[in-house]
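The primary structure of each chain is shown beneath.
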Amino acid sequence: MEANFGILTLIPPVVAIALCFATKQVLLSMFAGLFAGALVMCHFNPLSAAAYSLDAIAVNMADNIILLLFTLFMGVGISFIWRLGGSYALAEAAKQKFKKRRSVCLGTWGLGILCSVNDCLVSAVDGNVFRDICKDYRISSEKFSYVLDATAAPAAAFFISDWIAYQISMIGQGLDAAGITEITPVSAYINGLPFNMYSIFTLIFVGMMMYTGRDYGPMLKAEVRALTTGEFTRPGAKPMLDVGSELGEAKKTKPMVRCFVLPIAVAFVIIISGILYTGLTNPARTGSDIMAILDACDAQLALYWGSFGMAVTGIVLALATRIMTFEETMNTIVDGFKLMAMTGAILVMAWSLAAVTQSLGLGDFVAHYVGGSVPTGLLPLLVLICSCLVAFATGTSWGTMAIMTPLAIQLGYAVTGDITFSTGMTGAVLSGAIFGDHCSPVSDTTVMASIFSGADHIDHVGTQVPYSVTVISVIAVLYVVFGFTRVSPFVLLPIGLVALYFLQIILHKYYMKKYNIDPNYTKYMTADHK
């Protein structure tokens, strides 16, 4: 539906985000934002708006049924891992391997990067592997969810993944629209990589924070709480996934690490194989190289197959090891579906809200009115800001890339006539898209991080924002420097890393003093776990 709704396009995201923080009720807030957008679309007729909202929910549920089934079967797999004592066995084994909290923190960071083939895969695998270990080592749910979220999209956007294929397709549209024929979409993507500073800096910044333990802001409070009280979540929090309270006590009569490892290993192998298979068998595939395969693959279908394999593996283990009776096994399947019921509802609302904001033309509104006429030197910063705003409001980085990537290339080429400059702006789009996604409580990937970490969703967003803002602030300065000087991004990258290193030291000291925390706090990162 094409129409010009002007400033009214801001109503749905403003309502949803404001209510999220005010009420802590994510599902209700998202529906309120959806209904507000429907009111605008239906010229403030409440009955038509209600019908539009319900139709949007049904359509988005149908369009994303594969991801919903992935979520439900993942719940079944998690349930078996828990009840078979797999999580308990792994936590006990981890005590022999991980002597320090630092080791666990770095382990979550490393595994997140290794699972970069898909952002949902990072949250699902890394979350399931380390969730109970983090509880045992007194690492807060807020910090754990930050690691999942901050390694998911940045790693997927930078390494081999379905993200890369999508980015290249969007870049191709931008090159065609700008009339640029001297460079291929793949070459333009490679040219934009060093400008994707948010992914680069975030991945390194997370590793830096995991190693030093120099937390600040609300994350520091959360970590002190976990260390001093052992509380994984704050009192009164509403975790997106609380396996222990939902599924009861695990069976500890015969806990085996393989009850944890096998379901996840099967899921991982099936997902990777599924991505390759769907890419290779797609008749629309344009080549035989890895990028062509990723471009043609169906990552959602592969995730669905993997989660089903995980669930089936859990069933087989339960019956083959005789840890569970047949009746207990069937009950666990049902309980696994129940475990993800609220999660599925929130994801549907997030997709529906994103759809209505796109129908209202929010991306075009932001690009047009924020853009205006600006000096050439400020163009990279402008693209970054517009991408941040669109992603934050819509909760979708992919939608932001679809809106902003062709626009940024056209704008850059029209203003400068420089192909290198123009294609470099794709990195600015991606940086802003992922940053806005990280800060938005209505983002489906942010919801996924909260789910698989077992964190309160609003607590996750609130503790993550200061870290994301720190990184994007440094990038904003570097983009201005690049815009006016055209200095190589390879010169700017080390400068940004040095700035981030000193910023985390300064901010940590400031908040330690502000919250009156023992200066020896960071020793817990290197002290042996007890």
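Residues numbered from 1 in each chain as written. Predicted model: local features only at pLDDT ≥ 70, side-chain atom pairs only at ≥ 80, totals over all residues. Heavy atoms only, no water.

Caption draft 1: Geometry of the packing of helix H8 (residues 141-158) against helix H12 (residues 218-229). It is at 8 Å that the axes of H8 and H12 come closest, and there the two elements cross at 125°. One way to sum up the angle between H8 and H12 is to call them oblique. On H12, the residues touching Ser141, Glu142, Lys143 and Tyr146 of H8 are Met219, Ala222, Glu223 and Arg225. In terms of residue class, the contact of H8 with H12 is built from three nonpolar, one polar and four charged. (Axes fitted to C-alpha atoms, helices over the stretch in contact; angles between N-to-C directions. Helix = DSSP H or I, 4+ residues; strand = E, 2+ residues; numbered from the N terminus. Parallel < 35°, antiparallel > 145°, perpendicular 65-115°, else oblique. Contact = heavy atoms within 4.5 Å. Nonpolar A, V, L, I, M, F, W, Y, C, P; charged D, E, K, R; others polar.)

Caption draft 2: Highlighting the environment of Ile57. Looking at the secondary structure, you find Ile57 in helix H3 (residues 46-63). Its relative accessible area of 14% is what places Ile57 among the buried residues. C-alpha of Ile57 to C-alpha of Val348: the two residues are 291 residues apart in sequence and 6.6 Å apart in space. Setting aside chain neighbours within four positions, we find Ile57 in contact with Phe31, Leu34, Val348, Met349 and Ser352. (Buried < 20%, exposed > 50% of the residue type's maximum accessible area, 1.4 Å probe, protein only.)

Caption draft 3: Layout of the packing of aromatic side chains. Enumeration over the complete set of coordinates arrives at 15 aromatic pairs. Each ring, one from Phe73 and one from Phe337, has its centre 5.8 Å from the other, and the planes form 70°; the classification is edge-to-face. On the criterion of sequence distance, the pair formed by Phe73 in helix H4 (residues 65-83) and Phe337 in helix H17 (residues 326-339) is long-range, its members being 264 residues apart. For Phe337, a relative accessible area of 31% gives the class partly exposed. Among the aromatic side chains, those forming a connected cluster through ring pairs are Tyr146, Phe205, Tyr216, Tyr467, Tyr510, Tyr511 and Tyr515. The lysine or arginine in question, Arg102, covers the ring of Tyr211, its NZ or CZ lying 3.8 Å from the ring centre. (Phe/Tyr/Trp six-rings, centres within 6.5 Å; stacked < 30°, edge-to-face > 60°. Lys NZ or Arg CZ within 6 Å of the ring centre and 35° of its normal.)

Caption draft 4: Here's a closer look at the environment of Phe201. Residue position: Phe201 is located in helix H11 (residues 197-212). Exposure remark for Phe201: the relative accessible area of 0% places this residue in the buried category. Apart from residues no more than four positions distant in its own chain, Phe201 is found in contact with Val471, Val474, Ile475, Leu478, Leu493, Gly496, Leu497 and Leu500.

Caption draft 5: How the structure looks around the nonpolar core. Trp163, Met197, Phe201, Phe205, Leu384, Phe452 and Ile475 are the most contacted members of the largest nonpolar core, which totals 115 residues. Filtering out sequence-adjacent residues up to four positions away, Met197 remains in contact with Thr202, Ser431, Ile475, Leu478, Tyr479, Pro489, Leu492 and Leu493. (Core = buried A, V, L, I, M, F, W, Y, C linked by side-chain atoms within 4.5 Å.)

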